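The primary structure of each chain is shown beneath.
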Amino acid sequence: MRFPFLMMTNPQIHPCRVRGVQLYEMPCVMDEVRGNLTVGQTPDGLPFVPQRYFITYGIPEGQTRGQHAHKCCTQFLVCAHGQCHVRVDDGTAQEDIHLDRPTLGVLVPPLVWAEEDRHSPDSALLVLASQPYEPDDYIRDYDEFLTMIRRTTTRP
């Protein structure tokens, strides 16, 4: 019996209107007999070596997660099951990204506001983080976020 094998290929990376945000189409092996597989590995397939992960799931209808930016941490989001929307905002441009398959990921760099909403009842959003949890890294107030963005973009 022959099984398909995965030739490790880099993801296809697409820019977004929001500064630093990128969409990743991850490699995939379709196998009708054993099931499908998608993969990402460092250093070529993922943008950083994860230091932490978390999964949001069981999100009640109408609820929004995220609603913050990070000062230093980069995040990579993949809706491993179901679907949700990720809204990213750099203080100037915004984009709404529909995560509807486990082969699509979104890279959210520091100083980009992110919110996740419109979760399907079965959604499971996997988030890989470049840094361990650090409460002081979070910017949870949108006006404070905009002030910080203005300060960083107006520096000589």
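The coordinates are above.
First things first, this report covers the structure right here in the doc. (Residues numbered from 1 in each chain as written. Predicted model: local features only at pLDDT ≥ 70, side-chain atom pairs only at ≥ 80, totals over all residues. Heavy atoms only, no water.)

1. Quick look at the overall build of the chain
Point 1. Looking only at helices and strands, the chain has 1 helix and 13 strands in total.
Point 2. Helices and strands in the chain line up, N terminus first, as β-β-β-β-β-β-β-β-β-β-β-β-β-α.
Point 3. In summary, the chain has a C-alpha radius of gyration of 17 Å against a globular reference of 15 Å for 156 residues, a match within 12%.
Point 4. In terms of principal-axis extent, the alpha carbons of the chain reach across some 60 × 40 × 30 Å.
Point 5. Looking at the 156 residues of the chain, the share that counts as buried comes to 42%.
Point 6. Here the contacts in the chain between residues at least 6 apart in sequence split such that 74% fall between residues at least 24 apart.
Point 7. Summed over its atoms, the accessible surface of the chain is roughly 9400 Å², and 52% of this surface lies on carbon and sulfur atoms.
Point 8. Computed over 14 positive and 20 negative side-chain charges, the separation of the two mean positions in the chain equals 4 Å. (Helix = DSSP H or I, 4+ residues; strand = E, 2+ residues; numbered from the N terminus. Rg over C-alpha atoms; globule rule 2.2 N^0.38 Å. Buried < 20%, exposed > 50% of the residue type's maximum accessible area, 1.4 Å probe, protein only. Contact = heavy atoms within 4.5 Å. Areas by Shrake-Rupley, 256 points an atom, 1.4 Å probe, with all protein chains shown as cover. Lys, Arg positive; Asp, Glu negative; His and termini not counted. Charge placed at Lys NZ, Arg CZ, Asp CG, Glu CD.)

2. A word on the sheet that holds strand β10 (residues 104–108)
Point 1. Across the sheet, which stays open at both edges, the 6 strands sit in the order β1-β2-β10-β7-β12-β5 with antiparallel pairing between neighbours. Sheet topology places β1 (12–15) and β5 (52–57) at the edges, where each strand pairs with a single neighbour. Geometrically, the sheet is characterised by an average inter-axis angle of 25 degrees between neighbouring strands, direction not taken into account.
Point 2. Relative to strand β12 (residues 124–129), strand β7 (residues 75–81) runs antiparallel, the two sharing 6 bridges. Bridged to H81 within β12 is A124. (Pairing = 2+ DSSP bridges. Axes fitted to C-alpha atoms, helices over the stretch in contact; angles between N-to-C directions.)

3. Quick look at the pairing of β12
Point 1. For β12, a buried count of 5 out of 6 residues is recorded, marking the element as mostly surrounded by other parts of the structure.
Point 2. By the bridge criterion, 6 bridges tie β5 to β12 in an arrangement that is antiparallel. Across the sheet, residue F54 finds its bridge partner in β12, namely V127.

4. Points about the pairing of strand β9 (residues 94–99)
Strand residues, when the strand is regular, have side chains that alternate between the two faces of the sheet.
Point 1. In β9, alternate side chains face the same way, and those of E95, I97 and L99 are buried while those of Q94, D96 and H98 on the opposite face are not.
Point 2. Where strand β8 (residues 84–89) meets β9, 6 bridges bridge the pair, whose relative direction is antiparallel. In the sheet register, R87 faces β9, and the bridge partner there is D96.
Point 3. The hairpin turn running from β8 into β9, its antiparallel successor, is 4 residues long, and G91 in that turn takes a positive phi close to 95 degrees.

5. Section: the sheet that holds β8
Point 1. Here we have 5 strands laid out as an open sheet, ordered β9-β8-β11-β6-β13, and antiparallel in their pairing. Pairing within the sheet leaves two strands with one partner each, and these edge strands are β9 and β13 (138–139).

6. As for the environment of A69
Point 1. Within the element layout of this structure, A69 appears in strand β6 (residues 65–70).
Point 2. Along the backbone, A69 and R150 are 81 residues apart, and their C-alpha atoms lie at a distance of 14 Å.

7. Quick notes on the environment of F54
Point 1. With respect to the secondary-structure elements, F54 resides in strand β5.
Point 2. Using a relative accessible area of 28% as the deciding quantity, one classes F54 as partly exposed.
Point 3. C-alpha separation for the pair F54 and L125, spaced 71 residues apart in sequence, amounts to 8.2 Å.
Point 4. For F54, the contacting residues outside a window of four places in its chain are Q75, L125, L126 and V127.

8. Observations concerning the pattern of salt bridges
Point 1. Going through the model one piece at a time under the given rule, you end up with 8 salt bridges.
Point 2. Here D100 ties to R101 by a salt bridge, and the two come within 2.7 Å at their closest N and O atoms.
Point 3. A relative accessible area of 31% means that R101 is categorised as partly exposed.
Point 4. Between D117 and R118 there is a salt bridge, and its shortest N-O distance comes to 3.3 Å. (Salt bridge = Lys/Arg side-chain N within 4 Å of Asp/Glu carboxyl O.)

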